[in-house]
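Examining the three-dimensional arrangement
So the chains spell out like this:
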Amino acid sequence: WQSIIKFFIMFPLYTVASNSFAPAYCKGDRILLENRFPELGERAVFTDGLKAYFRYFKMKGNDYCLECLNGRGKDIILHRMDEMDCMGTCISVIRR
């Protein structure tokens, strides 16, 4: 049990709450995160303290961009990295 508990502390799971990411991610899918900042092009979960955002991490010009995964919604442009906190980088998805 200790190794299972240690695994989920090191690699948290977040459950997709709606079908807004479909067809790539559906309601009930679990996103497995690694506790590290993403490299360019990787998917990660970011938060502004109120809401969590599952986005691609990219650059647009000299600014950081949290790009929508499904093309719906607005990309988030960051001028400084301290405008958002990274909760982890996606390493796998567990389908329900």
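Whatever comes next refers back to the structure up there.
Please read these numbers as outputs of a predicted model, since none were measured by experiment.

The rules behind the values
- Residues numbered from 1 in each chain as written.
- Predicted model: local features only at pLDDT ≥ 70, side-chain atom pairs only at ≥ 80, totals over all residues.
- Heavy atoms only, no water.
- Helix = DSSP H or I, 4+ residues; strand = E, 2+ residues; numbered from the N terminus.
- Buried < 20%, exposed > 50% of the residue type's maximum accessible area, 1.4 Å probe, protein only.
- Contact = heavy atoms within 4.5 Å.
- Pairing = 2+ DSSP bridges.
- Axes fitted to C-alpha atoms, helices over the stretch in contact; angles between N-to-C directions.
- Phe/Tyr/Trp six-rings, centres within 6.5 Å; stacked < 30°, edge-to-face > 60°.
- Lys NZ or Arg CZ within 6 Å of the ring centre and 35° of its normal.

**Here's the deal with the overall build of the protein**
Assigned secondary structure in the protein consists of one helix and seven strands. Of the regular secondary structure in the protein, the N- to C-terminal order runs α-β-β-β-β-β-β-β. Looking at the protein residue by residue over its 96 residues, the buried ones come to 28%. Sequence separation of 24 or more characterises 41% of the internal contacts of the protein that already satisfy a separation of 6 or more.

**Topic: the environment of Pro 23**
Relative to the elements of secondary structure, Pro 23 occurs in the loop between strand 1 (13-15) and strand 2 (30-34). The class of Pro 23 is exposed, set by a relative accessible area of 78%. Through-space distance from the C-alpha of Pro 23 to that of Asn 70 is 8.4 Å; in sequence the pair is 47 residues apart.

**Here's the deal with the sheet that holds strand 1**
Spatially, the seven strands line up as an open sheet ordered 1-2-7-3-4-5-6, and their pairing is antiparallel. Looking along the sheet, the strands with just one partner apiece sit at the ends: strand 1 and strand 6 (76-78). If you compare each strand with its neighbour and ignore which way they point, the axes differ by 45° on average. Across five bridges, strand 3 (residues 43-47) lies against strand 4 (residues 52-60) in antiparallel orientation. Pairing of Arg 43 across the sheet is with Tyr 56, part of strand 4.

**Considering the packing of aromatic side chains**
Aromatic rings in a pair are described by how distant their centres are and how their planes are angled relative to each other. Applying the stated criterion across every chain, the model contains six aromatic pairs. Measuring from ring centre to ring centre gives 5.1 Å for Tyr 25 and Phe 54, while their planes differ by 65°; the resulting arrangement is edge-to-face. Of this pair, Tyr 25 sits in the loop between strand 1 and strand 2 while Phe 54 sits in strand 4; the two residues are 29 residues apart in sequence, bridging distant segments of the chain. Note on Phe 54: relative accessible area 5%, which makes it buried. With a centroid separation of 5.8 Å and an interplanar angle of 20°, the aromatic rings of Phe 57 and Tyr 64 are classed as stacked. For Tyr 64, a relative accessible area of 25% gives the class partly exposed. Cluster of aromatic residues (ring-pair linked, three or more members): Phe 37, Phe 46, Phe 57 and Tyr 64. Between the NZ or CZ atom of Lys 58 and the centre of the ring of Tyr 56, over which it lies, the distance is 5.3 Å.

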